[in-house]
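Okay, here's what each chain looks like letter by letter:
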Amino acid sequence: MQIATSTGETKDHDLWQRIRVGDEQAFTTIFEKYHRTLYNYGSKLSTNSSLVEDAVQDVFIDIWRLRHNLTENVTSVKFYLYRALRRRIHVALDKFPSMEEISELDDEDTPANHTHSEAILIEAESSSARAQRIQELLAQLPERQLEALTLRYFDDFSIDEIAEIMSVNEKSVRNFIYKALTSLRQSREMLLISSLIFWVLLFF
């Protein structure tokens, strides 16, 4: 899988190499950079905030604990962290099958509440009323669709990266995104999110 290397990824790669040799400052920099975004992503996989926070912490603990055995040539640290968090949350959910979580929802599943899942979007919107409505519309999406849409257009992952993170094929990812966009387009509140849809379709 070929992934374009940005300036940010180059810096992350340098920090990663420093972590591998025990640089605590490099580890702190990566932690502070990704802790919040990982938590926001994890909140889309589980509504249990404590479980998500524990999973995020465990990912970083493992990185430091196993630092000397970390893969040297990590193409994208961000991708590595997202995939590690998703795997850890799913393992935790398997231990608590009675909890109302979204480990393997399909397109027909009933949408659940996403109290934390739209934090990034809300912060980015200048109008609080508009942000609130967008949050409500996104909360109506099946959770796999919401996850794919968020990874693609808010976290800037490619289709093949999302497929690996979600453990599905690329066709499924495209279907999730297409159905999510279709649902948003059919909303009676189209005027409120027209700019969002235009931006998403521009890159789809």
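Quantities reported herein were computed from a predicted structural model and do not represent experimental measurements.

**Student:** Hey, could you run me through the layout of surface pockets in this one?
**Tutor:** Unoccupied space between atoms shows up once a probe the size of one water molecule is rolled over them. Computed from the structure, the largest pocket encloses a volume of approximately 280 Å³. Asp62, Tyr80, Ala84, Arg87 and Arg88 are, among the 13 residues lining the largest pocket, the residues nearest its centre. With six residues, the top contributor of residues to the lining of the largest pocket is helix H4 (residues 77–95).

**Student:** When you look at the side chain of Asp12 in this model, what are you seeing that I'm missing?
**Tutor:** Position of Asp12 relative to the elements: it lies in helix H1 (residues 7–20). Separated by 2.9 Å, the side chains of Asp12 and Lys33 make a polar contact. Asp12 has contacts with Ile30, Lys33, Tyr34 and Val77, leaving out every residue within four places of it along the chain.

**Student:** Can you help me understand unusual backbone geometry in this one?
**Tutor:** Trans is the prevailing form of peptide bonds, just as negative phi is the prevailing case for residues other than glycine. You will see that Ser167, though not glycine, has its phi angle at about 60°, which is positive. With respect to the helices and strands, Ser167 occurs in the loop between helix H8 (159–166) and helix H9 (170–185). Under the relative-accessibility criterion, Ser167 is labelled exposed at 62%.

**Student:** Looking at this structure, I do not really get the environment of Glu170. What am I missing?
**Tutor:** Tracing the chain through its elements places Glu170 in helix H9. Residue class for Glu170 comes out partly exposed when judged on its relative accessible area of 39%. Sequence separation between Glu170 and Ser158 is 12 residues, and the spatial gap between their C-alpha atoms is 9.9 Å. With sequence-adjacent residues up to four places away left out, Glu170 is seen in contact with Ile159, Asp160 and Ala163.

**Student:** Got a minute to help me understand the packing of helix H2 (residues 24–45) against helix H7 (residues 143–153) in this structure?
**Tutor:** To describe two helices that pack against each other, one gives the angle between their axes and the distance between the axes. Contact pair H2 / H7: the axes reach a minimum separation of 9 Å and the direction vectors enclose 160°. Taken together, the axes of H2 and H7 lie roughly antiparallel to each other. Once H2 is placed against H7, the crossing between them reads as left-handed. In this structure, H2 contributes Tyr41, Lys44 and Leu45 to the contact, and H7 contributes Glu143, Glu147, Thr150 and Leu151. Taken together, the residues that form the contact of H2 with H7 break down as three nonpolar, one polar and three charged.

**Student:** When you look at the nonpolar core in this model, what are you seeing that I'm missing?
**Tutor:** In summary, soluble globular proteins display a tendency toward joint burial of nonpolar side chains. Ranked by internal contacts, the top residues of the largest apolar core, which has 49 residues, are Phe60, Ile63, Leu81 and Leu149. When residues of this core are traced back to their parent elements, those giving at least two are H1, H2, helix H3 (49–65), H4, helix H6 (128–139), H7, H8 and H9. Among the elements that take part in this core, H4 stands out by supplying nine residues, more than any other. Apart from residues lying up to four places away in sequence, Leu149 is in contact with Leu138, Leu141, Phe154, Ile177, Ala180, Leu181 and Leu184.

Cut-offs applied
- Residues numbered from 1 in each chain as written.
- Predicted model: local features only at pLDDT ≥ 70, side-chain atom pairs only at ≥ 80, totals over all residues.
- Heavy atoms only, no water.
- 1 Å grid on protein atoms, 1.4 Å probe; cavity = no way out; pocket = protein on both sides within 12 Å on 5 of 7 lines; lining within 4 Å.
- Points joined across faces, edges and corners; volume = space filled by probe spheres on them.
- Helix = DSSP H or I, 4+ residues; strand = E, 2+ residues; numbered from the N terminus.
- Polar contact = N/O pair within 3.5 Å; in protein donor to acceptor, adjacent residues only side chain to side chain.
- Contact = heavy atoms within 4.5 Å.
- Buried < 20%, exposed > 50% of the residue type's maximum accessible area, 1.4 Å probe, protein only.
- Axes fitted to C-alpha atoms, helices over the stretch in contact; angles between N-to-C directions.
- Parallel < 35°, antiparallel > 145°, perpendicular 65-115°, else oblique.
- Left-handed = near helix turned anticlockwise from the far one by under 90°.
- Nonpolar A, V, L, I, M, F, W, Y, C, P; charged D, E, K, R; others polar.
- Core = buried A, V, L, I, M, F, W, Y, C linked by side-chain atoms within 4.5 Å.

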